[in-house]
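What follows is each chain in one-letter form.
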Amino acid sequence: MSMDRDDVLKESICILPFLHLFVRTDGLVAPCCISDGWDISVNEGDIDDVINHPKFLELRKQMLNGEKPKVCDICFKNGHGMRNDFNNLWERITGKNYVELSQELVDENYNISKLKSTDLRFSNLCNFSCRMCAPIYSTNWYEDAKIVYPNHVVNMDNKSIKIGDNFVQKLDKHTNNLNWVYLAGGEPLIMDETFQYLNQLLPNAKECEIVINTNLSNLMYKKTDILELLSNFKNCHMVVSCDGYGEMGEYIRTGFSHEKFFANVKKLRDLSKTKYHSISFSFNFTISIFNVFHFFDFIDYIKQEDLFFDNVMTQWVTYPYHLSVGNTSEEFKDKVRSFITDNIAKDTTLTQKIKDDLNGFINYLNVFEPTRTEHNTLDFVKKLDVLRNSDFRSVSPWIENEIKSI
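Remember, predicted model here, so these are calculated numbers, not experimental data. (Residues numbered from 1 in each chain as written. Predicted model: local features only at pLDDT ≥ 70, side-chain atom pairs only at ≥ 80, totals over all residues. Heavy atoms only, no water.)

Visitor: Would you mind going over the overall build of the protein chain with me for this structure?
Guide: When helices and strands are counted, the protein chain shows 18 helices and 12 strands. Counting only C-alpha atoms and orienting by the principal axes, one finds that the protein chain spans roughly 60 × 60 × 50 Å. Counting over 406 residues, the protein chain shows a buried share of 55%. Long-range contacts, defined as pairs at least 24 residues apart, comprise 75% of the intrachain contacts of the protein chain with a sequence gap of at least 6. Of the roughly 18000 Å² of accessible surface on the protein chain, a fraction of 46% belongs to carbon and sulfur atoms. For the protein chain, the distance from the average site of its 45 positive side-chain charges to the average site of its 57 negative ones is 2 Å. (Helix = DSSP H or I, 4+ residues; strand = E, 2+ residues; numbered from the N terminus. Buried < 20%, exposed > 50% of the residue type's maximum accessible area, 1.4 Å probe, protein only. Contact = heavy atoms within 4.5 Å. Areas by Shrake-Rupley, 256 points an atom, 1.4 Å probe, with all protein chains shown as cover. Lys, Arg positive; Asp, Glu negative; His and termini not counted. Charge placed at Lys NZ, Arg CZ, Asp CG, Glu CD.)

Next up, the structure:
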């Protein structure tokens, strides 16, 4: 039986190209933060020229014709759930079906007139250098990258990169239309631009939801109480990156202090309950070859610390390939699948969200096509350990014998 048009569009449409702007630290634009990129820079013209660039027009046209654009393969072919998440988000915000909404937002030439959502990485300024990151997203990665990722820095004049001068001012014409803003980095809570933008948004704060991806290494910026500022918005959700506790957390996220981090999390928890009721938070745990067997230990730890509720998000490394579980041998992936399914069956306290995320990860392992990489995983890990005076064997001993780069 053939599908009717609405059913076809439900399968082909992601709402983001119809209302959203994602900008990387270097000023380049893509449909979203996980899609393939484009050679389009926000520094080359007006914001309206960018959101109605011919590549955006073609993307919207393809989706509205029931096609699944190749630039979005990570969702359509590799099983990532972001498309569904954002379609659901915008149905909640607007009260409209995402298929209908996408058709309302474009004119006959597939142009849009209002930007309702932004995902911005103002610069790569960061006080951490997480092992699965790169110099484009962390200033602290630059010196190590000269050794382990020389091709990443060949076109970088220095370790600091930013979207461009006066970019916050360029966004001002769309300020009153924005309903959802996502800020990441680098580390957004140590950037001047983040606070310029938040203050620019204040007149429309009660109509705007804020999401901030942060390492939560600080809760003050200069003289600004960060939580007090964020409490002005309709709501603010802080996505707190944490890929493990104790030694595992400090190994993966170089710069991470277990003691300081969990002190800040507990302060955030307490203030969100007693004073800043519009602020919430969740942990964002990124699965890599380092911590794939640590996830359930992490869950047990945050339960012990009274930090566990329906607040754990799970994602996984897709790139760099040599740190992705998806790019390992089938034998190793079978062990991971069994480990996850066995633990899901054992732990009756896991939320449905966690189960869905982990099943999404298993689906990713099932459909991801291994990709050749210029880096041998074990060689890369050992080289970085030398630079950082660390030893993977203390936290991830399975890498020695189990991990094989494709």
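Following the structure, the description resumes.
Visitor: Is there a simple way to explain the pairing of strand β5 (residues 180-183) in this structure?
Guide: Here is the key point about a regular strand: its side chains alternate between the two faces of the sheet. On β5, burial covers both faces: Trp180 and Tyr182 on one face and Val181 and Leu183 on the other are all buried. Pairing analysis gives 4 bridges linking strand β3 (residues 117-120) to β5, with the strands arranged parallel. Across the sheet, the residue bridging to Thr118 is Val181, located in β5. Sheet topology note: the β5/strand β6 (residues 209-214) ladder contains 4 bridges and is parallel. Paired with Val181 across the two strands is Ile210, which belongs to β6. Tracing the backbone out of β5, into helix α10 (residues 192-201) and back to the parallel element β6 gives a crossover that is right-handed. (Pairing = 2+ DSSP bridges. Right-handed = clockwise from strand over helix to strand, strands pointing away.)

Visitor: In this structure, what is going on with the sheet that holds β3? I would like to understand it.
Guide: Taken in spatial order, the 8 strands of this open sheet run β2-β1-β3-β5-β6-β9-β11-β12, and their pairing is mixed. Every interior strand has two partners, whereas the edge strands, β2 (29-30) and β12 (312-316), have only one. One ladder, built from 5 bridges, connects strand β11 (residues 279-287) with β12; its direction is parallel. Bridge pairing in β12 links Phe283 to Val312. Packed on one face of the sheet, α10 meets β3, β5 and β6 and runs near 170° to β5. (Axes fitted to C-alpha atoms, helices over the stretch in contact; angles between N-to-C directions.)

Visitor: Got a minute to help me understand the environment of Pro17 in this structure?
Guide: Here Pro17 is to be found in the loop between α1 (5-12) and β1 (20-23). Once the C-alpha coordinates of Pro17 and Met63 are considered, the two residues, 46 residues apart in sequence, prove to be 9.4 Å apart. Contact partners of Pro17, with chain neighbours within four places excluded, come to Phe56, Leu59, Arg60, Met63 and Ile112.

Visitor: Got a minute to help me understand unusual backbone geometry in this structure?
Guide: The general pattern is negative phi for most residues beyond glycine and trans for most peptide bonds. In this structure, the amide linkage connecting Gly185 to the following residue, Gly186, adopts the cis form with an omega of 10°. Geometrically, the link from Tyr319 to Pro320 is a cis peptide bond, its omega value of 10° lying close to zero. Within the secondary structure layout, Pro320 lies in the loop between β12 and α15 (330-346). With a phi close to 75°, Tyr110 is a non-glycine residue in the positive phi region.

Visitor: Honestly, the pairing of strand β9 (residues 235-241) in this entry has me stumped. Any pointers?
Guide: Where burial is concerned, most of β9 is hidden: 5 out of the 7 residues are buried. Sheet topology places β6 next to β9; 6 bridges connect them, and they run parallel. What sits directly across from Glu209, in β9, is Asn235.

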